[in-house]
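Chain by chain, the residues run as shown.
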Amino acid sequence: MGFPGSGLVGSIALQYMVDQLEFTQIGSMNSKYFPPLAMMNRGVINIPVRIFEKENLAAIVADIPVHPSICYEVAKGIMDWLLPFKIREVVTIAGIITNETEKRVFGVATSEHALPRIQESTIILPIGSISGIASSFLIECRIRNIDAFGLLGETINAPDPRASAAIIEVLNKMYGLELDVQPLLEQADEIESTMHKLAEQVQTTEALPKKEQQLPMYG
Amino acid sequence: MGFPGSGLVGSIALQYMVDQLEFTQIGSMNSKYFPPLAMMNRGVINIPVRIFEKENLAAIVADIPVHPSICYEVAKGIMDWLLPFKIREVVTIAGIITNETEKRVFGVATSEHALPRIQESTIILPIGSISGIASSFLIECRIRNIDAFGLLGETINAPDPRASAAIIEVLNKMYGLELDVQPLLEQADEIESTMHKLAEQVQTTEALPKKEQQLPMYG
Amino acid sequence: MGFPGSGLVGSIALQYMVDQLEFTQIGSMNSKYFPPLAMMNRGVINIPVRIFEKENLAAIVADIPVHPSICYEVAKGIMDWLLPFKIREVVTIAGIITNETEKRVFGVATSEHALPRIQESTIILPIGSISGIASSFLIECRIRNIDAFGLLGETINAPDPRASAAIIEVLNKMYGLELDVQPLLEQADEIESTMHKLAEQVQTTEALPKKEQQLPMYG
Amino acid sequence: MGFPGSGLVGSIALQYMVDQLEFTQIGSMNSKYFPPLAMMNRGVINIPVRIFEKENLAAIVADIPVHPSICYEVAKGIMDWLLPFKIREVVTIAGIITNETEKRVFGVATSEHALPRIQESTIILPIGSISGIASSFLIECRIRNIDAFGLLGETINAPDPRASAAIIEVLNKMYGLELDVQPLLEQADEIESTMHKLAEQVQTTEALPKKEQQLPMYG
Amino acid sequence: MGFPGSGLVGSIALQYMVDQLEFTQIGSMNSKYFPPLAMMNRGVINIPVRIFEKENLAAIVADIPVHPSICYEVAKGIMDWLLPFKIREVVTIAGIITNETEKRVFGVATSEHALPRIQESTIILPIGSISGIASSFLIECRIRNIDAFGLLGETINAPDPRASAAIIEVLNKMYGLELDVQPLLEQADEIESTMHKLAEQVQTTEALPKKEQQLPMYG
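Conventions and cut-offs
- Residues numbered from 1 in each chain as written.
- Chains lettered and ligands numbered in written order.
- Predicted model: local features only at pLDDT ≥ 70, side-chain atom pairs only at ≥ 80, totals over all residues.
- Heavy atoms only, no water.
- Helix = DSSP H or I, 4+ residues; strand = E, 2+ residues; numbered from the N terminus.
- Buried < 20%, exposed > 50% of the residue type's maximum accessible area, 1.4 Å probe, protein only.
- Contact = heavy atoms within 4.5 Å.
- Areas by Shrake-Rupley, 256 points an atom, 1.4 Å probe, with all protein chains shown as cover.
- Pairing = 2+ DSSP bridges.
- Axes fitted to C-alpha atoms, helices over the stretch in contact; angles between N-to-C directions.
- Disulfide = S-S within 2.5 Å.
- 1 Å grid on protein atoms, 1.4 Å probe; cavity = no way out; pocket = protein on both sides within 12 Å on 5 of 7 lines; lining within 4 Å.
- Points joined across faces, edges and corners; volume = space filled by probe spheres on them.
- Nonpolar A, V, L, I, M, F, W, Y, C, P; charged D, E, K, R; others polar.
- Parallel < 35°, antiparallel > 145°, perpendicular 65-115°, else oblique.
- Left-handed = near helix turned anticlockwise from the far one by under 90°.
- Phe/Tyr/Trp six-rings, centres within 6.5 Å; stacked < 30°, edge-to-face > 60°.
- Lys NZ or Arg CZ within 6 Å of the ring centre and 35° of its normal.
- pLDDT = per-residue confidence, 0-100.
- Salt bridge = Lys/Arg side-chain N within 4 Å of Asp/Glu carboxyl O.

**A few points about the overall build of chain A**
And step 1. If you tally the helices and strands in chain A, you get seven helices and 11 strands.
And step 2. The buried share of chain A, taken over its 219 residues, is 61%.
And step 3. Here the analysis covers contacts within chain A between residues at least 6 apart in sequence; of these, 72% occur between residues at least 24 apart.
And step 4. Approximately 9,200 Å² of chain A is accessible, and the part contributed by carbon and sulfur atoms is 49%.

Below, the structure is given as structure tokens:
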């Protein structure tokens, strides 16, 4: 599960994985509860949530943030839909903002017996809480007795392919993907430079709600 | 589709097009989910959303901003209603605020094979996201496999007929409209001067919610 | 239709009209969607919306602001209810805050052929938008092909009988009412002086939501 | 009706009345629309709304503020429930914050013929509006042609037994209660001193919504 | 009932009790009305609400704050579910923030005859109000004539095992638990030091709602 969160860590990591390993897109999701928001990739817009598979792996990649008030239902809905597929385990990816420049990956699991699966590739989080859609997936899996893991990439408050690369290194260990992160790191340079250029030209705008103030209005 | 957004680019462009090319109004829309807001034109108020056609072109021109929470349903509703008409392609217009004084037009499409249609007349957006009703139309079209294009006129945070004129130049190339933008640019001068005059006299007011404070109130 | 807006222009004008011309009250309205708010008049409280008639004129006078989210439905509900009465035309009154001390009346109509009806007694608004319940009535009338007029009295952000008097001058011309505004202007002096005296003694309070902080609270 | 408002005037006055005159508690009310809030009295918590009677008098005493969005329905619900009891008149108590140190009581009524009932014991309010549950009761009574009175005790923004005592003096005149307010004024001294002591030790806290920030959270 | 509140007093106290006295987990609760939030304990995430029992005691331990708008229904739902179990009494734990460094425990009850049960082990609160889920449980119990007690641990605005230890001393007296709080106080040192270390590295982030601002957005 790669939903956007701090640093878009999950979205970038899984989109890179499905692109590089040539997963097959088997479906997509949209919902009236999703915000009206489309990401674009070299001029082509994406459907907000996309489902891919390759051999015994499936990936759900999302571009849109899920509002806290519907996290429970989105997570429950997806887990209900996955039930017939006899899932062995679930990995959900999120970001965690720190003041460090390292790109460590922290880990949590839904049971003590599952912890060893991520004990070597992540730093187990001793205390605290996890929020958002990632927490909803983890709780939902725990209730259904499905082993699930939360991978939290150390990141900054901006798209962060380097944190995503660190996540992929963990996935490489967990699933033997042998996915090369070098192109992602190079893409990181490119993305950062494009964004820097765009930022100079373009101001972010939340267009609609402010429209009413553009013309004199009487009432 | 010309819904208002930054600079009212889409509304102004399409209203100008239907006026100048003498499209026939074939319908209008109102909804309890629309804000209570009527635009006026030389003293006559408009119905918030109006539908026009001429030959093989149809235009939906809106005066009211669509709240993010209903963008999905408005876009889906309109696309459902359009289905029987065998649409060839959809163009949705929005504004994009930059710090430049240029009036460039950026473009996105719903598929890679559709990109060439706008590659010469717009600057393809390499990365980023598009929000609001425009994104809902684009996603809805992509899901239904209808080619759709987003034209994003570079604009400012005020009614901007010059950005609308740039959009019309793109529509001219896409549909061979041969629509002269000179009157629109002159209208721009007129609008700007009228607005400037009004701004001196009239303060914008969101009247109702503040009414309660006008009389002493006890409770 | 006299709903409160900037300066309470519509409420004051119509209440004065029904009082002076001795209209008969034929009904009243309340709704769970109205705010809990009662205006009082010499110690007697009013029902929020009151309906009056005299000969071929009817007046709907409201004391309560209508929240934007229900303007559509209130306007539609009232127009539905009015349908059997074969209405010839509708006038809705609102306020418009300007920096001028003049008390001009601006006008809009639902169609070009109706404009001449108000062209001499008002200043036709060339551009802009009108919001709130007044816009909902105008749109609703335009959809039903009923001629309707918006009269916008130039006002300040306080009860303004002088702006209401200017509106009555327009109604005098439109309906031959020959209603003398002199008592209203004198009432204006009285209201202003009463309010000034009250303002010295009484602080406006929105009582209920703050109550929770009055006693130490534990949780 | 004694619902809390500015100074908790109504709650304190009626609770004192039912305690001193030994009214019998005949019922209580709770609702999912009430805020989660319990007042305590010497260590024992109250049900939010309590109903008492004695001879031909009934009292509804409330500890919880009623949110504006449900005032209409709470007032309508209570009046519906009271209908079979053939009510002669209703008195609803509220507070009114002024800059004066006096403890005057202002009055409003639902009809002109009812005004004399309170003309000597209160100062009739000439103009203004009344909001909250008190206004809902008054409007509801006026619609049902039940004489109702609003008593507005001049108060400050803190529990104010002295304003409640002034209200009781009015009730004494209206209903011949001969209720001694001296103990309430002494209780006022006690409450003020207890609250002062508590205020030194205890900070008001709105506990739950802030809890999420207490532990490091990742998402 | 141990729901989080100021200082997480109730959650920490009851979790410690069920761990140390080896209660059996007999159930858990999740709800779409709960916020998407999972607490973790040495890398393993918890289901938000957990139910334990041992002999004649049951404990409901919660990690998630309950929003005011659903406190009534959560408390009513849990009390409905408990009804068949013939409950003798209910204890609900909350925190109370003061400026003191002491760790006193304040107490309230649902009836005067129940007060002696806590009169020696707590300081009875003379006046004030209690809010949130704790107040909903107390009101619900009072309506059902079930003796219930509110224990309010003096705390600070951060996880506070020392306040929880004070609560446990009261529970020791009420139920003869003989639970040693020494390990909890040592755990307090450990928690405080872990949190201090984490606080240096990790910034709290409410990830999702801010995501939209990370990429340039057009609309």
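**A closer look at the sheet that holds strand E4 (residues 49-54) of chain E**
Hydrogen bonds between backbone groups are what pair the strands of a sheet, and the pairing can be parallel or antiparallel.
All names here are of chain E.
And step 1. Strand order across the open sheet formed by three strands is E1-E4-E5, with antiparallel pairing between neighbours. With partners counted over all chains shown, the strands left at the sheet margins are strand E1 (24-29) and strand E5 (57-62), one partner each. Shown here is a sheet whose adjacent strand axes are inclined to one another by a mean of 20 degrees, direction ignored.
And step 2. Bridging between E4 and E5 involves six bridges; their strand directions are antiparallel. By the bridge assignment for E5, Phe52 is matched with Ala59.

**Concerning the sheet that holds strand E5 (residues 57-62) of chain B**
Residues and elements named next belong to chain B.
And step 1. The sheet built from three strands is open, its strands ordered E1-E4-E5 with antiparallel pairing. Of all the strands in the sheet, the pair left with one neighbour each is strand E1 (24-29) and E5. Averaged over all adjacent pairs, the angle separating strand axes in this sheet is 20 degrees, with direction ignored.

**Here we look at helix H4 (residues 133-143) of chain D**
Residues and elements named next belong to chain D.
And step 1. Counting buried residues in H4 gives nine out of 11 residues, a clear majority hidden from the surface.
And step 2. When we look at burial in H4, the residues that qualify are Ile133, Ala134, Ser135, Ser136, Phe137, Leu138, Ile139, Glu140 and Cys141.
And step 3. Trailing H4 by a residue or two, Asn145 shows a phi angle of about 60 degrees, which is positive.

**What about the state of the cysteines?**
Such a bond, covalent and formed between the sulfur atoms of two cysteines, is termed a disulfide.
Residue and element names in this part refer to chain A.
And step 1. Using the criterion set out here, one finds zero disulfides over all chains in the structure.
And step 2. With no disulfide of its own, Cys141 has Cys71 as its nearest cysteine by sulfur position, at a separation of 14 Å.
And step 3. Overall, the relative accessible area of 0% leaves Cys141 in the buried class.

**Digging into the layout of surface pockets**
Residues and elements named next belong to chain D.
And step 1. One number sums up the size of the largest pocket: a volume of about 1,100 Å³.
And step 2. Contributing to the lining of the largest pocket are 32 residues, with Gln15, Asp19, Met40, Asn41 and Asn46 lying nearest its centre.
And step 3. Elements represented by at least two residues in the lining of the largest pocket include exactly helix H1 (9-20), strand E2 (37-41), strand E4 (49-54) and helix H6 (182-201).
And step 4. Of the residues contributing to the lining of the largest pocket, the split by class is 15 nonpolar, 10 polar and seven charged.

**With respect to the packing of helix H2 (residues 68-82) of chain C against helix H4 (residues 133-143) of chain C**
Residues and elements named next belong to chain C.
And step 1. For the pair H2 and H4, the least separation of the axes is 8 Å and the interaxial angle reads 50 degrees. Judged by the angle between their axes, H2 and H4 are oblique. When the axes of H2 and H4 are compared, the crossing they make is right-handed. Within the contact between the two elements, H2 uses Cys71, Tyr72, Val74, Ala75, Lys76, Ile78 and Met79 and H4 uses Ile133, Ser136, Phe137, Glu140 and Cys141.

**Concerning the packing of aromatic side chains**
And step 1. Counted according to the given criterion, the structure contains 10 aromatic pairs over all chains.
And step 2. In this structure, A:Arg117 packs its charged tip against the face of A:Tyr175, placed 5.4 Å from the ring centre.

**Quick word on the confidence of the model for chain A**
And step 1. Model confidence for chain A is summarised by a mean pLDDT of 87, while 88% of its residues fall at 70 or above.
And step 2. Segment residues 201-219 of chain A: pLDDT under 50, and 79 contacts once partners within four positions in sequence are set aside and those in other chains are kept.

**Concerning the packing of helix H1 (residues 9-20) of chain B against helix H5 (residues 161-175) of chain B**
Residue and element names in this part refer to chain B.
And step 1. Axis separation between H1 and H5 bottoms out at 8 Å; the angle between their running directions is 60 degrees. Judged by the angle between their axes, H1 and H5 are oblique. When the axes of H1 and H5 are compared, the crossing they make is right-handed. Contacts between H1 and H5 involve Val9, Ile12, Ala13, Leu14, Tyr16 and Met17 from the first element and Pro161, Ala163, Ser164, Ile167, Ile168 and Leu171 from the second.
And step 2. Considered class by class, the residues forming the contact of H1 with H5 number 11 nonpolar, one polar and no charged.

**Quick look at the pattern of salt bridges**
Residues and elements named next belong to chain A.
And step 1. Applying the stated criterion to the full structure yields 50 salt bridges over all chains.
And step 2. Ionic pairing is found between Asp80 and Arg144, a salt bridge with its closest N-O pair at 2.6 Å. With Asp80 in helix H2 (residues 68-82) and Arg144 in the loop between helix H4 (133-143) and strand E10 (147-155), the pair connects residues that are 64 residues apart, well separated along the chain.
And step 3. Here Asp80 falls in the partly exposed class, since its relative accessible area comes to 37%.
And step 4. The partly exposed category is assigned to Arg144, whose relative accessible area is 22%.

**Some details on the side chain of D:Ser135**
And step 1. Along the chain, the position of D:Ser135 falls in helix H4.
And step 2. Overall, the relative accessible area of 0% leaves D:Ser135 in the buried class.

**A word on unusual backbone geometry**
All names here are of chain E.
And step 1. The phi dihedral of Glu55 is positive, around 50 degrees, even though this residue is not glycine.
And step 2. Within the secondary structure, Glu55 is located in the loop between E4 and E5.
And step 3. Of note, Glu178 is a non-glycine position whose phi angle comes to about 50 degrees, a positive value.
And step 4. Looking at the element boundaries, Glu178 is found in the loop between helix H5 (161-175) and helix H6 (182-201).
And step 5. Looking at Glu178, the relative accessible area reads 76%, which means it is exposed.

**Regarding the environment of C:Leu14**
All names here are of chain C.
And step 1. Position of Leu14 relative to the elements: it lies in helix H1 (residues 9-20).
And step 2. Owing to a relative accessible area of 4%, Leu14 belongs among the buried residues under this scheme.
And step 3. Aside from chain neighbours lying at most four places away, what touches Leu14 is Met1, Gly2, Ala59, Ile60, Val61, Ile93 and Leu171.

**A few points about the environment of C:Ala38**
And step 1. Along the chain, C:Ala38 falls in strand E2 (residues 37-41).
And step 2. Once residues lying within four places of it in the same chain are set aside, the contact partners of C:Ala38 are C:Ile45, C:Asn46, D:Gly128, D:Ser129, D:Ile130, D:Ser135 and D:Ile139.

**Observations concerning the environment of D:Ser121**
All names here are of chain D.
And step 1. Here Ser121 lies in the loop between helix H3 (116-119) and strand E8 (123-124).
And step 2. Exposure remark for Ser121: the relative accessible area of 15% places this residue in the buried category.
And step 3. Spatially, the C-alpha atom of Ser121 lies 7.1 Å from that of Lys173, the residues being 52 residues apart in sequence.

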